Amino acid sequence: MNSINREFSRLYREEHDNLVSVFRRSVRSCDEALDLAQEVFLLYLKKRRTGIYIEKPAAWLRITARNYIRNYRREKWNTDVIAGMEMD
């Protein structure tokens, strides 16, 4: 196993539950929280595999989660507004 995979495995074990908890406070279901956490971890892994060094991975995960939550709420709000409009 290469060093990036070892680093990722360790980070995943240490931070997964915390990240899911962050999402769980902001989304409606546990499944959504799990899916969003997986997306953040996947983005982290993609960045590392392309050579981007992330100095403080746990902090990066939390900040990225906060951005995902903001985007999630914005998309949800837009969907609710569009769904509430009457079509001509």
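Values in this document were obtained by computation on a predicted structure and should not be read as measured data.

The rules behind the values
Residues numbered from 1 in each chain as written. Predicted model: local features only at pLDDT ≥ 70, side-chain atom pairs only at ≥ 80, totals over all residues. Heavy atoms only, no water. Salt bridge = Lys/Arg side-chain N within 4 Å of Asp/Glu carboxyl O. Helix = DSSP H or I, 4+ residues; strand = E, 2+ residues; numbered from the N terminus. Buried < 20%, exposed > 50% of the residue type's maximum accessible area, 1.4 Å probe, protein only. Contact = heavy atoms within 4.5 Å. pLDDT = per-residue confidence, 0-100. Phe/Tyr/Trp six-rings, centres within 6.5 Å; stacked < 30°, edge-to-face > 60°.

A. How the structure looks around the pattern of salt bridges. Enumeration over the complete set of coordinates arrives at two salt bridges. Two residues, E7 and R48, come together in a salt bridge whose shortest N-O distance is 3.0 Å. Highlighted residues: E7 in helix α1 (residues 3–24) and R48 in helix α2 (residues 30–49), separated in sequence by 41 residues. Accessibility classification places E7 together with R48 in one group, the buried group.

B. Seen up close, the side chain of T64. By the element assignment, T64 lies in helix α3 (residues 57–84). Once you skip the residues sitting within four places of it in the chain, T64 turns out to touch V40 and L43.

C. Region of interest: the confidence of the model for the protein chain. Averaged over all residues, the pLDDT of the protein chain equals 89, while 85% of them reach at least 70. The least confident element of the protein chain is α3, whose mean pLDDT is 82; the most confident is α2, at 96.

D. Structural view of the environment of E39. The residue E39 is located in helix α2 in this model. With a relative accessible area of 39%, E39 lands in the partly exposed category. Each C-alpha atom of the pair E39 and A65 lies 9.3 Å from the other, and the pair is 26 residues apart in sequence.

E. Quick peek at the packing of aromatic side chains. Scanning all chains against the criterion turns up five aromatic pairs. Residues Y12 and F41 carry aromatic rings whose centres are separated by 4.7 Å and whose planes lie at 55 degrees to one another, so their mutual orientation is tilted. Residue Y12 is found in helix α1, and its partner F41 is found in helix α2; the two are separated by 29 residues along the sequence. A relative accessible area of 27% means that Y12 is categorised as partly exposed. Members of the aromatic cluster, joined through ring pairs, are F8, Y12, F41, Y44 and W60.

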